[in-house]
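Residue strings, one per chain:
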Amino acid sequence: MPKLTKEQITKSQYVSMADFCNKVDQIENFDEKVKFATNYLLSHGANGAETDYSFQEAVHIARMKLIDASAKLRDKIFNDEDGPDPADLFIDEDEYAVNPYAEEEKDDIENEFFIGHPAEYLKAKAEKYAKELNEREMLVNEELFFRDNCTRLASELTPATTHEILQKEAKKMPVFDITARMEVKYGGKEGLKEAEKLIAPSFVTKLFGTRSTAGKNFDEVYAAFHNPNHVLYGNLDALEIATQQYVDYKDATKGTAERLAGLAVKEPKEGFALRLLDAIKDQKANNEIFETVVGGCANKKLTAEKVEAIKGPEPVEQQEKVPLVLDLDGEDEEYEEEESMESEEELENENEVNNDPEI
């Protein structure tokens, strides 16, 4: 997967959250992921563009993906012998570190602000970008739209926005999260809808009972998982068991030669089930730290002013040293002549002293 350039990260524009999730995975550096997420969200709805998710939902998905990345880095630190020594990192003294590779608090404080106080963080960034763009003389259309959108969001975002986001997350969002992850795998909302239609049991299949027991159970549990009135609504464990059983059943029906060759063309339903298992695996890994990290960052009661104080002043860029250019045709020649004359006079004086009979 090609990496995003620094310009693509800086000038990211909202397309869809499926697009965001695919692109943010192409960025290796954690801080660059955060920068990309920030700019992407601040262009949400710019110039009146339609969006696939509300702003609050988009903020949740973006932070969910950042926690995905955080979980993978944590795993490398604590379970990989080739990973860095946690004793050398900020996470050794603060379990709520969002970027596990951060060395000091000041290196991670903005990440914690974003995760624990998303509205306040985005408001501060929106104000900063709008101010910077207002100070420039010439702006192209995209910059004008971005500036105006930052101004709009800065006026709308409040601590109440953060409260609403955190409150929904505290109640758990398994159906929303799994759906969002599956949309990424199928290129967006419409792609997922088409895939679901393709795997849905037909009237004939239901009528004549030609489905396998595993296939029927998978269909029923998948539907129940999304049904608010069913006892299995949002039950991630039940969905994982039914999906795994169906995948195992499909694998067992393949011939040995077919399995060894690895060339079996997977049926749409089997391919869907395998993607769903990946989504469930990623969500469960996310669940292990999401609540802990978000809760810890939220409890720090950070503000834009506190964050700036912890970060400290921006490093001052050193001015370029102007190389010294000697004018060998002008004053420097005069300087060399004067220096030569002084040396001759000093030599004559020394000779006179040495020849003086009184000494």
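Preceding this paragraph is the structure being described.
Residues numbered from 1 in each chain as written. Predicted model: local features only at pLDDT ≥ 70, side-chain atom pairs only at ≥ 80, totals over all residues. Heavy atoms only, no water.

K.L.:
Residue-level account of the overall build of the protein chain, with values.
P.N.:
Regarding its fold elements, the protein chain presents 17 helices and zero strands. Within the protein chain, the proportion of its 359 residues that are buried is 39%. Looking at the protein chain alone, contacts between residues at least 24 apart form 70% of all its contacts between residues at least 6 apart. (Helix = DSSP H or I, 4+ residues; strand = E, 2+ residues; numbered from the N terminus. Buried < 20%, exposed > 50% of the residue type's maximum accessible area, 1.4 Å probe, protein only. Contact = heavy atoms within 4.5 Å.)

K.L.:
Describe the packing of aromatic side chains, and please don't skip the residues or the numbers.
P.N.:
All chains considered together, the criterion is met by 12 aromatic pairs. Between Tyr53 and Phe176 the ring centres are 5.6 Å apart and the planes differ by 70 degrees, which places this aromatic pair in the edge-to-face class. With Tyr53 in the loop between helix H3 (30–42) and helix H4 (55–79) and Phe176 in helix H9 (residues 174–185), this pair connects stretches of sequence that are 123 residues apart. The cationic tip of Lys189 hangs over the ring face of Tyr53; the distance from NZ or CZ to the ring centre is 4.0 Å. The positively charged end of Lys269 is found above the aromatic ring belonging to Tyr246, 5.2 Å away from the centroid. (Phe/Tyr/Trp six-rings, centres within 6.5 Å; stacked < 30°, edge-to-face > 60°. Lys NZ or Arg CZ within 6 Å of the ring centre and 35° of its normal.)

K.L.:
Can you tell me about the pattern of salt bridges, naming the residues and giving the values?
P.N.:
Under the defined criterion, the tally for this structure stands at 26 salt bridges. Residue Glu110 pairs with Lys125 through a salt bridge whose shortest N-O separation is 3.2 Å. In this pair, Glu110 sits in helix H5 (residues 105–116) while Lys125 sits in helix H6 (residues 118–134), placing the two residues 15 residues apart along the sequence. For Lys125, a relative accessible area of 13% gives the class buried. (Salt bridge = Lys/Arg side-chain N within 4 Å of Asp/Glu carboxyl O.)

K.L.:
Quick rundown of H3? Include the residues and the values.
P.N.:
For H3, spanning 13 residues, the distance from its first C-alpha to its last is 19 Å, which sits close to the expected 18 Å at 1.5 Å a residue. Here H3 has its buried residues at Phe30, Lys33, Val34, Phe36, Ala37, Thr38, Asn39, Tyr40, Leu41 and Leu42. Near the N-terminus of H3, the side chain that reaches the backbone nitrogen of Asp31, with its oxygen 2.9 Å away, is that of Asn29. (Expected span 1.5 Å × (residues − 1). Polar contact = N/O pair within 3.5 Å; in protein donor to acceptor, adjacent residues only side chain to side chain.)

K.L.:
Run through the side chain of Arg63, naming residues and quoting values.
P.N.:
Within the fold, Arg63 resides in helix H4. Since its relative accessible area comes to 0%, Arg63 is described here as buried. Apart from the residues within four sequence positions on either side, Arg63 is in contact with Phe114, Ile115, Pro118, Ile165, Leu166, Glu169, Phe290 and Val294.

K.L.:
Give me the packing of H4 against helix H8 (residues 159–170): which residues, what numbers.
P.N.:
Between H4 and H8, the least distance of the axes is 10 Å, while the angle of their chain directions is 60 degrees. Classified by the angle their axes make, H4 and H8 are oblique. Taken as a pair, H4 and H8 cross one another with a handedness that is right-handed. Counting all contacts with H4, which are made through Gln56, Val59, His60 and Arg63, the residues of H8 involved are Thr161, Glu164, Ile165, Leu166, Lys168 and Glu169. (Axes fitted to C-alpha atoms, helices over the stretch in contact; angles between N-to-C directions. Parallel < 35°, antiparallel > 145°, perpendicular 65-115°, else oblique. Left-handed = near helix turned anticlockwise from the far one by under 90°.)

K.L.:
Describe a negative patch on the surface, and please don't skip the residues or the numbers.
P.N.:
On the surface, Asp85, Asp88, Asp92, Glu93, Glu103, Glu104 and Glu105 cluster together into a patch of negative charge. Looking at where Glu93 falls in the secondary structure, it is placed in the loop between H4 and H5. (Patch = residues over 30% accessible without salt bridge, like charges linked within 9 Å, V, L, I, M, F, W, Y side chains within 5 Å. Areas by Shrake-Rupley, 256 points an atom, 1.4 Å probe, with all protein chains shown as cover. Lys, Arg positive; Asp, Glu negative; His and termini not counted. Charge placed at Lys NZ, Arg CZ, Asp CG, Glu CD.)

K.L.:
If you had to explain the environment of Val184 to someone new, which residues and values would you point to?
P.N.:
Residue position: Val184 is located in helix H9. When the C-alpha atoms of Val184 and Ser16 are compared, they prove to be 9.6 Å apart, with 168 residues separating the residues in sequence. The contacts of Val184, once residues within four sequence positions are left out, are Ala18, Cys21 and Asn22.

K.L.:
Could you give an account of the side chain of Glu169, naming the residues involved and the relevant values?
P.N.:
Secondary-structure assignment places Glu169 in helix H8. By relative accessible area, Glu169 is classed as buried at 10%. Engagement of the side chain of Glu169 in a polar contact is seen with the side chain of His60, the distance being 2.7 Å. Within the structure, Glu169 has its side chain in polar contact with the side chain of Arg63 (distance 2.5 Å). Ignoring any residue separated from it by four or fewer positions in sequence, one finds Glu169 in contact with His60, Arg63, Phe290 and Val294.

K.L.:
Describe the packing of H4 against helix H15 (residues 268–298), and please don't skip the residues or the numbers.
P.N.:
Where H4 meets H15, the closest approach of the two axes is 9 Å, and the angle between their N-to-C directions is 100 degrees. By the criterion of interaxial angle, the relationship of H4 to H15 is roughly perpendicular. Contacts from His60, Arg63, Met64, Ile67, Asp68, Ser70, Ala71 and Arg74 of H4 reach H15 at Asp282, Gln283, Ala285, Asn286, Ile289, Phe290, Val293 and Val294. Looking at the contact of H4 with H15 residue by residue, the classes come out as eight nonpolar, four polar and four charged. (Nonpolar A, V, L, I, M, F, W, Y, C, P; charged D, E, K, R; others polar.)

K.L.:
Go over the environment of Leu66, please, and point to the residues and values.
P.N.:
Along the chain, the position of Leu66 falls in helix H4. Sequence separation of Leu66 and Phe30 is 36 residues, and the distance between their C-alpha atoms is 8.1 Å. Those residues within four positions of Leu66 in sequence are excluded, and the remaining contacts are Phe30, Lys33, Val34 and Phe114.

K.L.:
Explain H15 to me, and be specific about the residues and the numbers.
P.N.:
Taking 1.5 Å of rise per residue, the 31 residues of H15 would be expected to cover 45 Å, and the 42 Å separating its terminal C-alpha atoms lies within 8% of that figure. By the largest-angle criterion, Asn287 marks the main kink of H15, which is about 35 degrees. (Bend = angle between axes of the 7 residues up to and from the residue.)

K.L.:
Describe the nonpolar core, and please don't skip the residues or the numbers.
P.N.:
Counting 54 residues, the largest nonpolar core has Met17, Phe20, Leu41, Leu42, Phe114 and Leu122 as its most contacted members. Element by element, the count of residues in this core is highest for H4, at 10 residues. Among residues more than four places away in sequence, those in contact with Leu42 are Leu122, Lys125, Ala126, Tyr129, Phe146, Asn149, Cys150 and Leu153. Ranked by size, the runner-up nonpolar core spans 23 residues in total, among them Ala214, Phe218, Val221 and Tyr246. (Core = buried A, V, L, I, M, F, W, Y, C linked by side-chain atoms within 4.5 Å.)

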